[in-house]
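Notes for the structure review
Residues per chain, in single letters:
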Amino acid sequence: RHAVCIFYLVLRALDTIEDDMTIGLDVKVPMLHEFHSYLYQPEWKYMESKEKDRQVLEDFPTISMEFRNLSKVYQDVISDICHKMGVGMAEFLEKKVDSQHEWDKYCHYVAGLVGIGLSRLFSASELEDPIVGQDTELANSMGLFLQKTNIIRDYLEDQLEGREFWPREVWSRYAKKLSDLAKPENIDMAVQCLNELITNALHHVPDVLTYLSRLKNQSVFNFCAIPQVMAIATLAACYNNKQVFRGVVKIRKGQAVTLMMDATNIQAVKAIMYQYVEEIYQKIPGTDPSSNKTQQVIASIRAMSLPSGPMASRHHYSPIYLSCAMLLAALSWQYLSTISKATEEYVQAGEN
């Protein structure tokens, strides 16, 4: 618990530096490269940030002290991931996401590494088998699925903030500029571009199911599974939906609560995944350029999700247990910025 908490706060501090547009690149790039070393400097802090989360930088000596109190096996994981993420963030500060390969690379740096780091912590704690931390490809897919969902859903918000994360290789087939997709006259092409990116994201679902099937500890399972089912529900809501280019698409509060309560075992998660890919399948337009690819990836997910036992049996736990599970889910989901405000409000209510 402490290791995951400190891991989150360290990455939140790193992310706050990356997000702060008031810091010049001449200062920011070296800071991102060196950030992992600040964990071993008791006095280091940064007081010049204007970001809303600047407290984690101003009070960094508190975080770094707790970091140094962790077992060395946890320190090594957190420091290593922090170093790799800082280098990756610096790389993409100076260039835009161009190819689909670079999209995967960017998502790896900001989210896949989180999945890899968490998996190594799970194994180091001995709550999970060594293979969970060793299989970095599956752990990476866990992060990529969440991050791509976030990027797809937040098209309009990112446009308004001057950020671009959709890969040029894809959107350039549908528009001259990424911002053109928000124009009413381009809505049909915009939706086709959206559907192609959702199809790309769905390719991570088989890895997600394989990863979750290996988990043995109930708390770890809930922590990992809840954000993933939130993501598939979000993609189903976004698929073929013009509203992505007009406002915010988010899952309903009651839907979020149901997902949190139900996603407590692998068979239930498979049932949820099956339900939402079926929802997407029913919405595939016959004229969509990606329709064949979408049908193919859905077929592969169906094959992994078919009933192999009492899939529909969903275990329910006490309100206290659910509160803990929701808090864990919120911690992971908040870092990747993919949970809706309505869900966050529910999580806070659950904590109280």
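Check the entry above for the structure.
Everything quoted here is computed from the prediction, not taken from an experiment.

1. A closer look at unusual backbone geometry
With phi around 70°, Glu-126 is a residue other than glycine that occupies positive phi space. Secondary-structure assignment places Glu-126 in the loop between helix H6 (100-124) and helix H7 (130-134). The exposure class of Glu-126 is exposed, given its relative accessible area of 69%.

2. Observations concerning the packing of helix H12 (residues 205-213) against helix H15 (residues 266-282)
Put simply, H12 and H15 touch, their axes get as near as 10 Å, and they point 165° apart. Overall, the two elements H12 and H15 adopt an arrangement that is roughly antiparallel. Both H12 and H15 take part in a crossing whose hand is right-handed. Listed contacts from H15 to Val-205, Val-208, Leu-209, Leu-212 and Ser-213 of H12 are Ile-266, Val-269, Lys-270 and Met-273. Classifying every residue of the contact of H12 with H15 by side-chain character gives seven nonpolar, one polar and one charged.

3. Observations regarding the packing of helix H11 (residues 187-202) against helix H13 (residues 218-238)
Relative orientation of the contacting elements H11 and H13 amounts to 160°, with a least axis distance of 10 Å. Classified by the angle their axes make, H11 and H13 are roughly antiparallel. As H11 packs across H13, the resulting crossing turns out to be left-handed. On H13, the residues touching Leu-194, Ile-198, Ala-201 and Leu-202 of H11 are Ile-232, Leu-235 and Cys-238. Residue classes in the contact of H11 with H13 are distributed as seven nonpolar, no polar and no charged.

4. Observations regarding the side chain of Asn-195
With respect to the secondary-structure elements, Asn-195 resides in helix H11. With a relative accessible area of 0%, Asn-195 lands in the buried category. Contacts of Asn-195, omitting those with residues within four sequence positions, involve Tyr-239, Asn-240, Pro-285 and Asp-288.

5. Quick word on the pattern of salt bridges
Taken as a whole and assessed by the stated rule, the structure comprises 21 salt bridges. Of the charged contacts in the structure, one is a salt bridge between Asp-80 and Arg-120, with a shortest N-O distance of 2.9 Å. Of this pair, Asp-80 sits in helix H5 (residues 72-93) while Arg-120 sits in helix H6, and the two are 40 residues apart along the sequence. Residue Arg-120 is classed as partly exposed on the basis of its relative accessible area of 25%.

6. A look at the environment of Val-229
Within the secondary structure, Val-229 is located in helix H13. Sequence separation of Val-229 and Val-269 is 40 residues, and the distance between their C-alpha atoms is 7.1 Å. Apart from residues no more than four positions distant in its own chain, Val-229 is found in contact with Leu-259, Ala-263, Val-269 and Ile-272.

Thresholds, definitions, all that
Residues numbered from 1 in each chain as written. Predicted model: local features only at pLDDT ≥ 70, side-chain atom pairs only at ≥ 80, totals over all residues. Heavy atoms only, no water. Helix = DSSP H or I, 4+ residues; strand = E, 2+ residues; numbered from the N terminus. Buried < 20%, exposed > 50% of the residue type's maximum accessible area, 1.4 Å probe, protein only. Axes fitted to C-alpha atoms, helices over the stretch in contact; angles between N-to-C directions. Parallel < 35°, antiparallel > 145°, perpendicular 65-115°, else oblique. Left-handed = near helix turned anticlockwise from the far one by under 90°. Contact = heavy atoms within 4.5 Å. Nonpolar A, V, L, I, M, F, W, Y, C, P; charged D, E, K, R; others polar. Salt bridge = Lys/Arg side-chain N within 4 Å of Asp/Glu carboxyl O.

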